[in-house]
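Examining the three-dimensional arrangement
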Amino acid sequence: MKHKTRRGKTPVSRAGNRLPAQAPAQINAVAECMNSGQLDVAEQQALDLTRDFPGHSHAWTMLGIVLAQQGKVEASLPALQKAVELMPGAAGTHANLGNAFRELGQFREAEACYSRAVALNPRHPDSYFMLGQVHRQLGNLQEAETSFRRVLTLQPDHQAARLAYVRCISLMRFKSFSPFLYTTTARALTEAWIRPTDLVGLACNLLAINPLISPFLGSADKPGRAIRKLCEGDRLGKLGRDPLFNAMLRSVPIYDEVLEQWLTDARLLLLQIAADSTGASKADASRLAFFGPLAEQCFINDYVFWCSQEEMQAATALRDSLVDAIENGPETVSPLQIVAVAAYFPLYSLNSDPKLLERSWPDGVRNLLIQQIREPQEEMALRSSIPSLTPIENDVSLAVQSQYEENPYPRWVKLPASIESVAVDAYLHSMFPEVLIASIERAAHPDVLIAGCGTGQHPIETAQLLKDSKVLAVDLSLASLSYAKRKSQEMGIENIEFARADILKLGTLNRSFDVIESVGVLHHLENPETGWKVLVSMLRPNGVMRLGFYSEIARRHVVRSRELIAGKGFAATADGIRQARPYLREVDLTETLGCAVRSTDFYSLSACRDLLFHVQEHRLTLEQIQDFIHANGLSFLGFTCEPMTLGDYHGRFPDDPAATNLKNWAVFEQENPDTFFDMYQFWLQKRH
């Protein structure tokens, strides 16, 4: 918590609590000492101020703020409460007291203070922002949404409120259409305020209740959707120009069974229209506005949409016809033919790249050519620039490498372009304020290893977050690494070195690191503990480690789904995955498969392969994790989890404020078995 005092600004007194003439100079002296970091001097001056002017609110406010700045938050409460008593009609006194309660984790008390502050001054955005934060901590999402929305109404460029708002609404679902909510979500997706995958569930919900779209949607198990009504008037154009529809289809795999079925039907309609198309027409602009983003969506989700054998034969015939037309002269090719083929096959697979790129195309086609030809070309060109640091010899490692060469995961499009960078020790103290964390020697300039970097989301976010860091990102798959390197160059990230390596062989590099992160990786090794020990050996004394492992309890539905898949003999191929998905949905109607069919990973072919068809998967228990930690000189700092989860844990185990007791967490997980469906994600520190 930071209580800011502006240099040279004297607090304004209200009638009935007027400051004597000499008081402002003393208050400014306290503020000067705080601003210069002389907190001990500032505390003494503030104490003198309360002795000289015991009946004046500002004197007690200054003392409370100084104590809070020193970390003596509990000691600041009497002074801040005295300030409220002396000036109960001032919003700022209530807000300052709320800040202290919030810092102490007393969120109900903080909520009461901020509520009083906004009642007294309903045009003060910061008080609404803090009220929203407290509601968020308490799990009051609707109240938090209202508070954050009020901030953005008063101050639209409030950056922290924008992020807090979209993070809040990403966890909510709505029944009525709200233009503000709709346009804000569309903008957040377009500009990537947060990861698009974190917003896609909300975006699907809002699209489904959009009056422009909802008439076309039936339930997923009812045939006969009026898909051809899309072609009436300019409906295609209006839908294609809808900001949220456009942003979502071009950013992230859709995450809704009904919308998926609707878009699958729309793709078939596109195929039928394109098969009858011989050239450009007046209707093409509207059609391209809708079908262009749909084809981009198909590429992003790795062509996961189901199609019949007859439909695939028609798509193949159209593809072959397009290849012939390109060879005879691209000027004769209909834009809709390119879009339709791109909705079933990646354009780079046509081997007609140069001729397609020679011609000028409408935006809907040009976007596809960039996505499906130019960017893959860039990735191929980057392969030769990525060094190989270790051999890959282990049979399991080779099998995992083969999977990710075929299906790099995930195929992401956008990440937040700017993340406020912080020193690693400051970041950890903010994450785990109740935990004693030893000083990290090179915290100001950390060397970071990302072991298993995939397609680059993880190392890019870490390189942005950790101030003045130097990152080595390694992976088995050259396809994943080239994707990651292209995206890092696209975003202007310059502090990452990408290389191919096997975690099992990293010890041969004779390198050490201050921070090592390996999330969702070690459980795909032949023996996770072997790889974990290699990483521990590379961690410097007091270095920190962030890990992610599958939970044995939370993955129970995945285990059952894998059994069903094996029983039916579905292969880990594109066709096998497309056939397995409707089968698993059918089983889920009578035997719940939980998050196995409700995860966002179920809606992309490469992600679904990673989720349900992986060549190697281990699952751990908290007892196994605790045993390894104790046996290998590590300290558990804490889980990274949602505030509501942490709040529920504290409600269950109030005697563990640091939330570091893994035996308690094991009990909590037994009682709440889906807590760690995504993974156990946690931080450790290496002891001397």
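Residues numbered from 1 in each chain as written. Predicted model: local features only at pLDDT ≥ 70, side-chain atom pairs only at ≥ 80, totals over all residues. Heavy atoms only, no water.

**A word on the sheet that holds strand 6 (residues 634–639)**
Pairing is mixed across the open sheet formed by seven strands, whose spatial order is 3-2-1-4-5-7-6. Pairing within the sheet leaves two strands with one partner each, and these edge strands are strand 3 (496–500) and strand 6. Neighbour to neighbour, the strand axes of the sheet diverge by 20 degrees on average, direction disregarded. Pairing geometry for strand 4 (residues 513–519) and strand 5 (residues 539–549), over six bridges, is parallel. (Pairing = 2+ DSSP bridges. Helix = DSSP H or I, 4+ residues; strand = E, 2+ residues; numbered from the N terminus. Axes fitted to C-alpha atoms, helices over the stretch in contact; angles between N-to-C directions.)

**Describing the domain arrangement of the chain**
For the chain, the assigned domains read domain 1 (23–171), domain 2 (202–381), domain 3 (390–552 + 619–687) and domain 4 (555–613). Between the C-alpha centres of domain 1 and domain 3 the distance comes to 35 Å. (Domains from an automatic or database assignment.)

**Points about the nonpolar core**
Membership of the largest hydrophobic core comes to 119 residues, with the highest contact counts inside it found for Met248, Trp262, Phe290, Phe291 and Leu612. Considering each element in turn, this core owes the most residues, nine residues, to helix 14 (residues 257–275). Apart from the residues lying within four places of it in its own chain, the contact partners of Met248 are Leu189, Val200, Ala203, Cys204, Leu207, Ile254 and Gln297. With 41 residues, the next largest nonpolar core counts Ala501, Val534, Phe653 and Phe668 among its residues. (Core = buried A, V, L, I, M, F, W, Y, C linked by side-chain atoms within 4.5 Å. Buried < 20%, exposed > 50% of the residue type's maximum accessible area, 1.4 Å probe, protein only. Contact = heavy atoms within 4.5 Å.)

**Observations regarding the environment of Leu207**
Note that Leu207 resides in helix 11 (residues 196–208). Sequence-wise, Leu207 and Pro528 are 321 residues apart; in three dimensions their C-alpha atoms are separated by 42 Å. With residues near it in sequence (within four places) discarded, Leu207 still touches Tyr182, Ile213, Ser214, Asp242, Leu244, Phe245, Met248 and Leu259.

**Observations regarding the pattern of salt bridges**
As enumerated under the stated definition, the model contains 39 salt bridges in all. Here Asp48 and Arg51 are joined by a salt bridge, their closest N and O atoms 2.4 Å apart. Placement of the pair is Asp48 and Arg51 together in helix 2 (residues 39–52), with a separation of three residues, close to one helical turn. Its relative accessible area of 29% is what places Asp48 among the partly exposed residues. The partner of Glu327 in a salt bridge is Lys355, and the shortest N-O contact between them spans 3.4 Å. Taken together, the positions of Glu327 in helix 16 (residues 309–328) and Lys355 in helix 18 (residues 353–358) put the pair 28 residues apart, joining distant regions of the chain. (Salt bridge = Lys/Arg side-chain N within 4 Å of Asp/Glu carboxyl O.)

**Topic: the pairing of strand 5**
For strand 5, the buried fraction is high: eight of the 11 residues fall into the buried class. As paired elements, strand 5 and strand 7 (residues 680–686) share six bridges and run antiparallel to each other. Bridge pairing in strand 7 places Leu547 opposite Phe682.

**A few points about the environment of Thr645**
For Thr645, the position within the fold is in helix 29 (residues 643–652). By relative accessible area, which is 21% here, Thr645 ends up partly exposed. Ignoring sequence-local partners within four residues, the contact set of Thr645 consists of Trp665, Phe668 and Thr675.

**Description of the packing of aromatic side chains**
Two measures describe an aromatic ring pair: the distance that separates the ring centres and the angle between the ring planes. Within this structure, the stated rule accounts for 28 aromatic pairs. Seen in terms of ring centroids, Trp262 and Phe290 are 6.0 Å apart; in terms of plane orientation they differ by 70 degrees. Their pairing is edge-to-face. Taken together, the residues span a long stretch of sequence, with Trp262 in helix 14 and Phe290 in helix 15 (residues 284–300) at a distance of 28 residues. Taken as a pair, Trp262 and Phe290 share a single burial class, namely buried. One aromatic cluster in this structure is built from Trp532, Phe549, Phe628, Phe636, Phe639, Tyr649, Phe653, Trp665, Phe668, Phe676, Tyr680 and Phe682. (Phe/Tyr/Trp six-rings, centres within 6.5 Å; stacked < 30°, edge-to-face > 60°.)

**Some words on the confidence of the model for the chain**
Interpretation of this model should avoid reading the predicted coordinates in detail wherever pLDDT is low. Mean pLDDT over the chain: 92, with 94% of residues reaching 70 or higher. The low-confidence segment residues 1–16 (pLDDT under 50) makes 33 contacts with residues lying over four places distant or belonging to another chain. (pLDDT = per-residue confidence, 0-100.)

**Brief notes about unusual backbone geometry**
The bulk of non-glycine residues show a negative phi, and the bulk of peptide bonds are trans. Put simply, Tyr409 and Pro410 share a cis peptide bond, and its omega is -10 degrees. Turning to its location among the elements, Pro410 is positioned in the loop between helix 20 (395–406) and helix 21 (424–431). Positive phi outside glycine occurs at Tyr303, with the angle close to 60 degrees. Following the sequence through the fold, Tyr303 ends up in the loop between helix 15 and helix 16. A residue is classified by how much of its surface remains accessible, and Tyr303, at 7% relative accessible area, is buried. Of note in the backbone geometry, Asn542 takes a positive phi value of approximately 70 degrees without being a glycine. Within the secondary structure, Asn542 sits in strand 5. Among the residues examined, Asn542 registers a relative accessible area of 12% and is labelled buried.

**Let's talk about the packing of helix 16 against helix 17 (residues 335–342)**
With their axes 10 Å apart at the nearest point, helix 16 and helix 17 run at an angle of 130 degrees to one another. By the angle class used here, helix 16 and helix 17 are oblique. As helix 16 runs across helix 17, the sense of the crossing is left-handed. Side by side, helix 16 and helix 17 meet where Leu318, Arg319 and Leu322 of the first sit next to Gln337, Ile338, Ala340 and Val341 of the second. For the contact of helix 16 with helix 17, the class distribution of residues is five nonpolar, one polar and one charged. (Parallel < 35°, antiparallel > 145°, perpendicular 65-115°, else oblique. Left-handed = near helix turned anticlockwise from the far one by under 90°. Nonpolar A, V, L, I, M, F, W, Y, C, P; charged D, E, K, R; others polar.)

**Let's talk about the pairing of strand 1 (residues 447–451)**
Summarising burial for strand 1: five of the five residues are buried, a large majority. Residues Asp447, Leu449 and Ala451 line one face of strand 1 and the alternating positions Val448 and Ile450 line the opposite face, and both faces are buried. As paired elements, strand 1 and strand 2 (residues 470–475) share five bridges and run parallel to each other. Across the sheet, the residue bridging to Ile450 is Ala473, located in strand 2. Taken together, strand 1, helix 22 (residues 457–465) and strand 2 constitute a β-α-β crossover, and its handedness is right-handed. (Right-handed = clockwise from strand over helix to strand, strands pointing away.)

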